[in-house]
Amino acid sequence: MIEAITNISFELDLEGLLKGAHIKPGTNDAKEFEDLVNNAQKNARPKALYKECFIQSKEEETITIDDIIFTSQALRINLDQVERVFAYVVTCGKEVDEIEIPQDDFLKGFWLDTIKATLLGISGRHLSELLDQKYKLGKTVDMNPGSGDVAVWPIEQQRKLFALFGDVENFIGVRLTESFLMIPNKSISGIRFSTEINFQSCQLCHRENCSGRSASFDKKLWESVQHD
Ligand code: SF4
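Below, the structure is looked at part by part. (Residues numbered from 1 in each chain as written. Predicted model: local features only at pLDDT ≥ 70, side-chain atom pairs only at ≥ 80, totals over all residues. Heavy atoms only, no water.)

### Description of the pattern of salt bridges
- Counted according to the given criterion, the structure contains 13 salt bridges.
- The closest approach of N and O atoms between Lys-186 and Asp-113, which form a salt bridge, is 3.9 Å. With Lys-186 in the loop between strand E8 (182–183) and strand E9 (187–194) and Asp-113 in helix H5 (residues 106–135), this residue pair connects regions lying 73 residues apart in the sequence.
- The exposure class assigned to Lys-186 is partly exposed, which follows from its relative accessible area of 24%.
- Residue class for Asp-113 comes out partly exposed when judged on its relative accessible area of 25%.
- One salt-bridge network, in which partners are shared between bridges, spans Asp-97, Asp-113, Lys-116 and Lys-186. (Salt bridge = Lys/Arg side-chain N within 4 Å of Asp/Glu carboxyl O. Helix = DSSP H or I, 4+ residues; strand = E, 2+ residues; numbered from the N terminus. Buried < 20%, exposed > 50% of the residue type's maximum accessible area, 1.4 Å probe, protein only.)

### Thoughts on the packing of aromatic side chains
- Under the defined criterion, the tally for this structure stands at 6 aromatic pairs.
- Relative to Trp-111, the ring of Phe-33 lies with its centre 5.5 Å away and its plane at 90 degrees, an arrangement referred to as edge-to-face. Pair noted here: Phe-33 is in helix H2 (residues 28–43) and Trp-111 is in helix H5, with a separation of 78 residues, a long-range link.
- Assessed through its relative accessible area of 2%, Trp-111 is described here as buried.
- For the pair Tyr-50 and Tyr-135, a centre-to-centre distance of 6.3 Å together with 85 degrees between the ring planes defines the contact as edge-to-face. Within this pair, whereas Tyr-50 is found in strand E2 (residues 47–58), its partner Tyr-135 is found in helix H5, the two being separated by 85 residues in sequence.
- Through successive ring pairs, a cluster of aromatic residues spans Tyr-50, Phe-86 and Tyr-135. (Phe/Tyr/Trp six-rings, centres within 6.5 Å; stacked < 30°, edge-to-face > 60°.)

### Focus: the site of the ligand
- If you check the shell around the ligand, you find Gly-148, Cys-202, Cys-205, Arg-207, Cys-210, Gly-212 and Arg-213 and nothing else.
- Structurally, the ligand is housed in the largest pocket.
- Across the shell around the ligand, the residue classes tally to 3 nonpolar, 2 polar and 2 charged. (Near = heavy atom within 4 Å. 1 Å grid on protein atoms, 1.4 Å probe; cavity = no way out; pocket = protein on both sides within 12 Å on 5 of 7 lines; lining within 4 Å. Sits in = over half its atoms within 2 Å of the grid points. Nonpolar A, V, L, I, M, F, W, Y, C, P; charged D, E, K, R; others polar.)

### Some details on the nonpolar core
- Residues Leu-12, Phe-33, Tyr-50 and Leu-119 are the most contacted members of the largest nonpolar core, which totals 33 residues.
- For this core, the secondary structure elements donating two or more residues are helix H1 (14–20), H2, E2, strand E5 (84–91) and H5.
- Looking at this core element by element, the count peaks at 10 residues for H5.
- Once residues within four sequence positions are removed from consideration, Leu-12 is found in contact with Leu-17, Val-37, Ala-40, Gln-41, Ile-115, Thr-118, Leu-119 and Ile-122. (Core = buried A, V, L, I, M, F, W, Y, C linked by side-chain atoms within 4.5 Å. Contact = heavy atoms within 4.5 Å.)

### Quick word on the pairing of strand E4 (residues 68–71)
- Side-chain alternation along E4 places Ile-68 and Phe-70 on a buried face and Ile-69 and Thr-71 on a face that remains uncovered.
- Direction of pairing for strand E3 (residues 62–65) relative to E4: antiparallel, over a ladder of 4 bridges. Bridging from a neighbouring strand, Ile-63 pairs with Phe-70 of E4. (Pairing = 2+ DSSP bridges.)

### Quick word on H2
- Along its 16 residues, H2 runs 23 Å from first to last C-alpha, staying within 8% of the 22 Å computed at 1.5 Å per residue.
- Along H2, the residues that are buried comprise Ala-30, Phe-33, Leu-36, Val-37 and Ala-40. Projected onto a plane normal to the axis of H2, the buried residues spread over an arc of 125 degrees and lie on a single side. When the buried face of H2 is taken as reference, the exposed residues oriented beyond 90 degrees from it are Asn-28 and Lys-42. (Expected span 1.5 Å × (residues − 1). Arc of directions from axis to C-beta.)

Spelled out as structure tokens, the structure:
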């Protein structure tokens, strides 16, 4: 079953956003920023899409869901004891993405990105609460194509993840570029599953100085998902 959630209610926190963007209240910047936040509050439509899926088969390095074959050693290992996954796409929504900013106004572009990231967080939390309420998932792990080192779950498989839904753009306005990036850029796709294992893609990522890192690189785990 596919469910698209297109009516997520939200209240943007101006004070928190100002703080996050390092803008001093009472300044001209603060006034312009507030206008942008008000615009987003009025027009943004954060959205989420998910599908409950059952794994059809598991081979050495692949899993098959709805006749779509995903290839990833890490995915295969993590799903060893799992039969059901939830594929999802969450997004800030194309409406906020379409707010016009002059191309050379990098500061405003940055501000809008900050607001979009907040809206993405809102849609992500909405989906998590809904899945927890409806399916009582307990402890879960998320995996996302393109997260971690390149070969962990190659970003190209984003196309296959989208294929599980059919027309994602029609459902929630998110489309994939030729290079497998999502538009709007503040969108996340992945799968979530109940499990007792502990896993975060950052454990399989060599990238240094990443501000988003949530777990240290784990050499032993990384070696366990190599092909040779
Ligand atoms: S360390 Fe950074 S780039 Fe690597 S998986 Fe984590 S968040 Fe992504």
